[in-house]
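Read off the chains here:
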Amino acid sequence: MAEASRSSASAAPPKGRMRSPPSSDRPAPSSLPSPQSRPPPLSGPGGYARARAEAEAVARLGGPDPPSPPSAFVRTVEGRPYLPLLSVDPRDEASIAAAARAVASARRGRPLSDGGGGGGRVATIAGGLTNALFRVDLGSVGEGDGSDAVLVRIFGADGMIDRDAETAAFSRLCAAGGGEEGEVPSDASAILHPRLDLLGRFANGRVESWIPGMRPATIADLDGPGGVALAGEVARQMARLHRRGMDAMEAEELGEGPTLWRVIEEWIDELGRYLGRGPFACDDGELRELFHYAALGVAPHGDDAGDHPRMAEQDTLPLIIQSSLRKELAWQRDRVEARFPHAPVAFCHNDANAANILLDATINSNESSDSLNANKGIPSPSYHRESVCLIDYEYGSVNYAMFDVANFFCEHCGGNDNGVPNFDRFPDGTRIESFLREYVRERGGGRPEEAEVADLRAQVEAFRAASDLYWGVWGVLQAAREVSDGTFRREDARARTRGHSDVDRWDNLRYGRERLANCRRGRERAGATGGGPAPI
């Protein structure tokens, strides 16, 4: 999700053959290897796996201690440095700054260094629900204008995202039409924002370019006076990604078609494994109750709780929840495949929420619109490919194109701050059709046919429920992981489930329940229009 965001793809085994490198591959202890001894560059998800295998082999050959410093071992994957032995402590600013300097040094071809913890300021970027995010100023402490800053992303959601596949795909998207640091691809060639770039990766995160003068969008930006203009630029950027993103991938990244149903199914399987062990396997009826009803999308003591399976005993909790969610998944998949057998497939962002959209900080979208412009002489917001930037592609994958669009509209409902979306804020048909017309124009040129717009709008409505299922399962799974690692706030979850507490803090379980409850309401809407009965 968000960059500030949540977090598509589930974990996959490393690809590529692993081997021990010859001794000539070993770098000097504190400098980059010479061009003559540097191993050939690697590519794709398998390239990262092979680099890690080589690093492990070097550590074994060198004795019990890994190369010192860890930043001395570097391999080039997808044209960018990868430092598989360098891990960063998100609680240690010196560690964060050192990683930023090491990756930037490797990218620029200067000798690597641990950075020594000196120089440069580290600032936490608020709003990340999956990753820990930091801005690091690599220049002198006094500058701070963003001209020499980078973004350090420390990965979260361990195991839920295939970081090798995600980073390889992001690297290819950045490289399309440019990719060399300091170079700005032309408008015609770049897929992503021309200044968005991957600088390199370390063991538990990566370093990206920092785009100065931009700020995260808000829900008010999306549905305020300038929201239509902003959505138009998002439509154009999404269309470019959908049109050209597949061309930037290799067969290894493209997989076997849309990932939507497979990812949800894998998350359901993982949720079942968590619910069958640890605290859930003990005699803890309250914990089981919280997760039982959350996964069914109902409040434990709500009016509709009696219409669903009884609260599960410890040995049946995973079975009941998995059965209910799999029935929902099968119903949605069958409905989509029957109604839209030729639904377009593309490389998709899959998480275009407000916090993953950067805007030119000088634009105040809430004070401008066409009508205000006429009355007050205020210019409409100037949204174009350099004033709007889609970020955070960690959920990016091959998927249904209209799922990407539907998810963008679902994100207008918010909830990424307190776990409680307001589903009444879902855009009306006029806004959706305006977006789709701009999308079709950018994707294929020419004036869109109204029949095509109507068909795409029907797909958006179908994938609206899929977005709720996707992120609903994600939220409950994230909460189950919190129980496993001891970070689950039971008192908060209990109080919020019953509506007796503030909702100012993020709550994975409540967010999951709210999205699954809206998924259930979507089934009821579909049933009322001949879409079939609810499966649960």
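Located above this text is the structure these notes cover.
*Asks:* Give a description of the environment of Arg443 that names residues and reports values.
*Replies:* Take Arg443: it is sitting in helix H12 (residues 429–444). Classification of Arg443 by relative accessible area gives partly exposed; the value is 26%. When neighbours within four sequence positions are excluded, Arg443 is seen to be in contact with Ala239, Arg243 and Glu452.

*Asks:* Describe the packing of helix H11 (residues 401–410) against H12, and please don't skip the residues or the numbers.
*Replies:* Running from N to C, H11 and H12 point in directions that differ by 140°, and their axes come no closer than 12 Å. Between H11 and H12, the interaxial angle falls into the category oblique. Considering the relative orientation of H11 and H12, their crossing is right-handed. Mapping the contact onto sequence places Ala401, Met402, Val405, Phe408 and Phe409 in H11 and Arg431, Ile432, Phe435, Leu436 and Tyr439 in H12. Grouping the amino acids of the contact of H11 with H12 by side-chain chemistry returns nine nonpolar, no polar and one charged.

*Asks:* Before we move on, can you summarise the sheet that holds strand E8 (residues 214–216) with the specific residues and values?
*Replies:* Hydrogen bonds between backbone groups are what pair the strands of a sheet, and the pairing can be parallel or antiparallel. Taken together, three strands build an open sheet; the order of strands is E8-E10-E11 and the sheet is antiparallel. Single-partner strands in this sheet number two, and they are E8 and strand E11 (388–390). Averaged over neighbouring strand pairs, the angle between their axes works out to 30° when direction is ignored. Relative to E11, strand E10 (residues 357–360) is paired through three bridges, and the arrangement is antiparallel.

*Asks:* How would you summarise the sheet that holds strand E1 (residues 75–77) if you had to cite specific residues and measurements?
*Replies:* If you walk across this open sheet you meet the seven strands as E1-E2-E6-E7-E5-E4-E3, and the pairing is mixed. If you trace the sheet from one side to the other, it starts and ends with E1 and strand E3 (122–125), each paired once. Taking the axes of each pair of neighbouring strands and ignoring which way they run, one obtains an average angle of 30° across the sheet. Bridging between strand E6 (residues 198–202) and strand E7 (residues 205–209) involves four bridges; their strand directions are antiparallel. Within E7, the position partnered with Arg201 by the bridge is Arg206. Along the sheet face, helix H1 (residues 44–61) touches E1, strand E2 (80–83) and E6 and points at about 170° away from the line of E1. Helix H2 (residues 93–108) rests against E2, E3, strand E4 (132–137), strand E5 (149–154), E6 and E7 of the sheet, and its axis sits at about 125° to E6.

*Asks:* With reference to specific residues and values, describe the pattern of salt bridges.
*Replies:* All told, the structure shown has 36 salt bridges when counted by the stated rule. Here Glu442 and Arg240 are joined by a salt bridge, their closest N and O atoms 3.2 Å apart. Here Glu442, found in helix H12, pairs with Arg240, found in helix H5 (residues 227–244); they are 202 residues apart in sequence, far enough to count as distant. The partly exposed category is assigned to Glu442, whose relative accessible area is 25%. Classification of Arg240 as buried rests on a relative accessible area of 10%.

*Asks:* Help me get a handle on the pairing of E5, residues and values and all.
*Replies:* Extensive coverage of E5 is indicated by the burial of six of its six residues. Neither face of E5 is exposed, since Ala149, Leu151 and Arg153 on one face and Val150, Val152 and Ile154 on the opposite face are all buried. Where E4 meets E5, six bridges bridge the pair, whose relative direction is antiparallel. Looking at the pairing, Asp137 lines up with Ala149 of E5.

*Asks:* Run through the nonpolar core, naming residues and quoting values.
*Replies:* Among the nonpolar cores identified, the biggest contains 105 residues, and Phe291, Phe408, Phe435 and Phe463 are the most heavily contacted of them. It is helix H13 (residues 450–485) that provides the largest number of residues to this core, a total of 16 residues.

*Asks:* So what's going on with unusual backbone geometry? Residues and values would help.
*Replies:* You will see that Asn350, though not glycine, has its phi angle at about 75°, which is positive. Looking at the secondary structure, you find Asn350 in the loop between strand E9 (345–348) and E10. Owing to a relative accessible area of 1%, Asn350 belongs among the buried residues under this scheme. Phi is positive for Asp392, which is not a glycine, with a value near 60°.

*Asks:* Describe H1, listing the residues and the values that go with them.
*Replies:* For an α-helix, the turn length of 3.6 residues means that residues three or four places apart are oriented alike. Taking 1.5 Å per residue as the helical rise, H1 with its 18 residues ought to reach 26 Å, and the 26 Å between its terminal C-alpha atoms agrees with that figure. Extensive coverage of H1 is indicated by the burial of 13 of its 18 residues.

*Asks:* Describe in detail the packing of aromatic side chains, supporting the description with residues and values.
*Replies:* Summed over the entire model, instances satisfying the criterion amount to 16 aromatic pairs. Ring plane angle 20° and centroid distance 6.0 Å describe the contact between Phe170 and Tyr393, whose orientation is recorded as stacked. Residue Phe170 is located in helix H3 (residues 163–175), and its partner Tyr393 is located in the loop between E11 and strand E12 (397–400); the two are separated by 223 residues in the primary sequence. Taken together through their ring pairs, the aromatic side chains of Trp261, Trp267, Tyr395, Tyr400, Phe403, Phe463, Tyr470, Trp471 and Trp474 make up a single cluster. Residue placement shows Arg201 over the ring face of Tyr48; its charged tip is 4.6 Å from the ring centre. Sitting over the ring of Phe426, Arg464 keeps its end group 3.8 Å from the ring centre.

*Asks:* Lay out the packing of helix H7 (residues 260–275) against helix H9 (residues 317–339) in plain terms, naming residues and giving numbers.
*Replies:* Where H7 meets H9, the closest approach of the two axes is 9 Å, and the angle between their N-to-C directions is 175°. For the element pair H7 / H9, the angle class is roughly antiparallel. When H7 is examined against H9, the residues Trp261, Ile264, Glu265, Ile268, Asp269, Leu271, Gly272 and Leu275 are found in contact with a partner set consisting of Leu317, Pro318, Ile321, Gln322, Leu325, Arg326, Leu329, Gln332, Arg333, Val336 and Glu337. Considered class by class, the residues forming the contact of H7 with H9 number 11 nonpolar, three polar and five charged.

*Asks:* Provide a residue-level description of the pairing of E2, including the pertinent values.
*Replies:* Residues Arg80 and Tyr82 point to one face of E2 and Pro81 and Leu83 to the other, with burial holding for every one of them. With three bridges joining them, E1 and E2 adopt antiparallel strand pairing. Each residue of the ladder has a partner; that of Arg75, found in E2, is Tyr82. The turn joining E1 and E2, which pair antiparallel and follow one another in sequence, is formed by two residues; a positive phi near 55° is taken by Glu78. Bridging between E2 and E6 involves two bridges; their strand directions are parallel. Note on E6: the bridge partner recorded for Leu83 is Phe202.

*Asks:* How would you explain the environment of Ile264 if you had to name every residue and give the values?
*Replies:* With respect to the helices and strands, Ile264 occurs in helix H7. Relative accessible area serves as the criterion here: at 0%, Ile264 is assigned to the buried category. The spacing of Ile264 and Arg326 is 62 residues in sequence and 9.0 Å in space, taken between C-alpha atoms.

Criteria and thresholds
Residues numbered from 1 in each chain as written. Predicted model: local features only at pLDDT ≥ 70, side-chain atom pairs only at ≥ 80, totals over all residues. Heavy atoms only, no water. Helix = DSSP H or I, 4+ residues; strand = E, 2+ residues; numbered from the N terminus. Buried < 20%, exposed > 50% of the residue type's maximum accessible area, 1.4 Å probe, protein only. Contact = heavy atoms within 4.5 Å. Axes fitted to C-alpha atoms, helices over the stretch in contact; angles between N-to-C directions. Parallel < 35°, antiparallel > 145°, perpendicular 65-115°, else oblique. Left-handed = near helix turned anticlockwise from the far one by under 90°. Nonpolar A, V, L, I, M, F, W, Y, C, P; charged D, E, K, R; others polar. Pairing = 2+ DSSP bridges. Salt bridge = Lys/Arg side-chain N within 4 Å of Asp/Glu carboxyl O. Core = buried A, V, L, I, M, F, W, Y, C linked by side-chain atoms within 4.5 Å. Expected span 1.5 Å × (residues − 1). Phe/Tyr/Trp six-rings, centres within 6.5 Å; stacked < 30°, edge-to-face > 60°. Lys NZ or Arg CZ within 6 Å of the ring centre and 35° of its normal.

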